[in-house]
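A look at the structure
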Amino acid sequence: MNIIIISVFAIICYCTTAIGQALAIKQNKQFRKSLVLFLGFSASLFQAITLYLLIHEPNGINLGFYNVSSVISWMIINIVLLSALKKPVESLLVFLAPLAALTIIFAVTQEAPKTLIPERNFGMLGHILFSILAYSILTIAAFQAVLLAYQNYKLKHHQLKGILKVFPPLQTMESLLFEFVWAGLILLTASLATGFLFVDDLLAQHLAHKTFLSIFAWLVFATLLWGRHQLGWRGNTAIKWTISGTTLLMLSYFGSKFVLDLVLQGR
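A quick note: this is a predicted structure, and the numbers were derived from the prediction, not measured.

1. Examining the packing of aromatic side chains
- Tallied over the entire structure, the rule returns 4 aromatic pairs.
- Aromatic pair Tyr66 and Phe106: ring centres 5.8 Å apart, planes at 10 degrees, arrangement stacked. Taken together, the positions of Tyr66 in helix α3 (residues 65-84) and Phe106 in helix α4 (residues 93-109) put the pair 40 residues apart, joining distant regions of the chain.
- With relative accessibility at 17%, the residue Tyr66 sits in the buried group.
- Owing to a relative accessible area of 36%, Phe106 belongs among the partly exposed residues under this scheme.
- Judged by centre distance (5.2 Å) and plane angle (35 degrees), the rings of Trp233 and Trp241 are tilted.

Next comes the structure, spelled out in structure tokens:
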């Protein structure tokens, strides 16, 4: 099976989804949701095949930097698509679909040192799965926070045209944000727990900064949810805490993975 052809199909579907959404927003109308879902799930299927061909090797699962980036983008897309079946979150695909296409391009065309995990190392694979799910959902929460901030700004300045026409009401957007944060925190808790159980020497020099940043991110999200329920935090406060927590989480994983895989091993 030609990985280039499959990846090109995925990229075309993702780009078509994003362009269709962008044009609909520009024209102040809804892009047909059934078409969005069809294109999105088609792209996801092609990306899944591409990922299988990239990461599945005789000696194990190759989780190099670019492969993991594509896996996370694929997971993010699928979470948004499944959520869009019942909730109005498809507008996120305007930003997320091009990012997914970009990760496919890098995964297929760029080489990175291999990080092989044996297929029967279920504890480690479980930790990685929880981590990827947590990163994916909390990344969606960060994008949701950005859109919420933009919507908030436009409403305060009485600018109700353009993209606001296709956004759900502000209260719905905020509720969706906290749902994503709750789900992400639960998965991040599972990721940290399985890390301490199954990863050898989690506080070793090359893992310590990743571990501490992940714990700090957990504390940020836990504080945000506590503030939401005890102090009624919302609006800009919720947005700032969400983006701060996600930034710490992205630094903990992508920052350390970038340095270890592409900087240190690339020398």
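2. What about the confidence of the model for the protein chain?
- Looking at the protein chain, pLDDT values average 84 and 85% of them are 70 or higher.
- Element-level pLDDT for the protein chain is lowest in strand β3 (residues 116-117), with a mean of 76, against a maximum mean of 93 in α4.

3. Structural notes on the state of the cysteines
- The tally for this structure, following the rule as stated, stands at 0 disulfides.
- The thiol of Cys13 is not disulfide-bonded; the next cysteine sulfur, from Cys15, is found 9.6 Å away.
- The class for Cys15 is partly exposed, based on a relative accessible area of 32%.

4. Some details on the environment of Ser44
- On the secondary structure map, Ser44 appears in helix α2 (residues 33-55).
- Considering only alpha carbons, one finds Ser44 and Asn78, 34 residues apart in sequence, at a separation of 7.0 Å.
- Not counting chain neighbours up to four residues away, the residues in contact with Ser44 comprise Tyr14, Trp74 and Asn78.

5. Overview of the sheet that holds β3
- The sheet built from 3 strands is open, its strands ordered β1-β2-β3 with antiparallel pairing. Two strands in the sheet have a free side with no partner beyond their single neighbour: β1 (56-57) and β3.

6. A short note on α4
- Between its terminal C-alpha atoms α4 stretches 24 Å, which fits the 24 Å expected from 17 residues at 1.5 Å a residue.
- All of the buried residues along α4 are Leu93, Val94, Leu96, Ala97, Ala100, Ala101, Thr103, Ile104 and Ala107.

Parameters and conventions
- Per chain, residues are indexed from 1 in the order of the written sequence.
- For this predicted model, a pLDDT threshold of at least 70 governs which residues receive local features, and a threshold of 80 or more governs which side-chain atom pairs are given and counted, while totals over whole chains, interfaces and linings are taken from all residues.
- Hydrogens and waters are ignored; side-chain quantities use all the structure's heavy atoms.
- To pair, rings of Phe, Tyr and Trp, with the six-membered ring standing in for Trp, must have centres within 6.5 Å; the planes then decide the type, stacked if under 30 degrees apart, edge-to-face if over 60, and tilted in the middle.
- Helix and strand assignments come from DSSP, with helices taken as H or I runs of at least 4 residues and strands as E runs of at least 2, each series counted from the N terminus.
- Exposure categories follow from relative accessible area, calculated using a 1.4 Å probe and restricted to protein chains: below 20% of the type maximum is buried, above 50% is exposed, and the middle band is partly exposed.
- What pLDDT conveys is the predictor's confidence in a given residue, as a value from 0 to 100.
- Cysteine sulfurs are considered disulfide-paired once they come within 2.5 Å of each other.
- Should any heavy atoms of two residues lie within 4.5 Å, those residues are considered in contact.
- Any two strands between which DSSP finds at least two bridges are classified as paired.
- Multiplying 1.5 Å by the residue count of a helix minus one yields the expected span of that helix.

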